[in-house]
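Spelled out from the first residue to the last, the chains are:
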Amino acid sequence: MAIRSRSPPPPYDPQSEGAEGEITEDAPTKDSTGVKAGKALGIGLLALVAVPVALAGAAVVAAGGVVWGAAKVVEGVGKGLAAGPEAAARAFGQSTEVPPPTRERPSKAAEDHKSKGEREGRTDGTRRG
């Protein structure tokens, strides 16, 4: 294994940081104690708020995963229960597709139970003629 040589750090240049007493764009500024306290308070509040929000988000995602998993289990059980009758229907040449629902006319007995006004389309309870 070869040893790599490191280049020496660049020399210190006091001109790049500015003269004493002057603040340049490159020079770091010193914060007052009030600013430091404000920053510390902000970081503390962020930690107090961010952690519960992150935990609540993780709990919601976990609950969604549990519900999705339970739904997949129910779906699998339903397919398993339907496999036998579907196989029997296919063996005897019957279609396994569900026919679309049909709209049938009401029976004559249901028509006889309606009042004359209902049969004529009036719902206010009045009779014609």
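Fair warning: this is a prediction, and the values are worked out from it, not measured in the lab. (Residues numbered from 1 in each chain as written. Predicted model: local features only at pLDDT ≥ 70, side-chain atom pairs only at ≥ 80, totals over all residues. Heavy atoms only, no water.)

Q: How would you sum up helix 2 (residues 33-91)? Please name residues and give values.
A: Within an α-helix, residues lying three or four positions from one another point in the same direction, as the helix has 3.6 residues per turn. If you check helix 2, its first and last C-alpha atoms are 86 Å apart, about what 59 residues at 1.5 Å a residue would give, namely 87 Å. Along its length, helix 2 shows its largest kink, about 35 degrees, at Ala83, and proline Pro85 lies within four residues downstream of that point. Positive phi shows up at Gly93, right after helix 2, with a value of about 80 degrees. (Helix = DSSP H or I, 4+ residues; strand = E, 2+ residues; numbered from the N terminus. Expected span 1.5 Å × (residues − 1). Bend = angle between axes of the 7 residues up to and from the residue.)

Q: How would you sum up a nonpolar patch on the surface? Please name residues and give values.
A: A cluster of nonpolar side chains, Leu41, Leu45, Leu48, Val49 and Val53, forms an exposed patch at the surface whose accessible area comes to about 520 Å². By secondary structure assignment, the location of Val49 is in helix 2. On the basis of relative accessibility, which here comes to 52%, the residue Val49 falls in the exposed class. (Patch = residues over 30% accessible without salt bridge, like charges linked within 9 Å, V, L, I, M, F, W, Y side chains within 5 Å. Areas by Shrake-Rupley, 256 points an atom, 1.4 Å probe, with all protein chains shown as cover. Salt bridge = Lys/Arg side-chain N within 4 Å of Asp/Glu carboxyl O. Buried < 20%, exposed > 50% of the residue type's maximum accessible area, 1.4 Å probe, protein only.)

Q: Which residues make up the pattern of salt bridges, and what values do they have?
A: Taken as a whole, this structure holds 3 salt bridges when the rule is applied. One salt bridge connects Glu75 with Lys79, and the closest N-O pair in it is separated by 3.6 Å. Residue Glu75 and its partner Lys79 are both found in helix 2; the two are separated by 4 residues, about one turn of the helix. Of the charged contacts, one joins Glu86 and Arg90 as a salt bridge, the two residues approaching to 3.6 Å between their closest N and O atoms. Pair noted here: Glu86 and Arg90 are both in helix 2, with a separation of 4 residues, about one helical turn. With a relative accessible area of 34%, Glu86 lands in the partly exposed category. On the basis of relative accessible area, Arg90 is assigned to the exposed category, the value being 54%. Residues joined by salt bridges that share partners form a network here, namely Lys72, Glu75 and Lys79.

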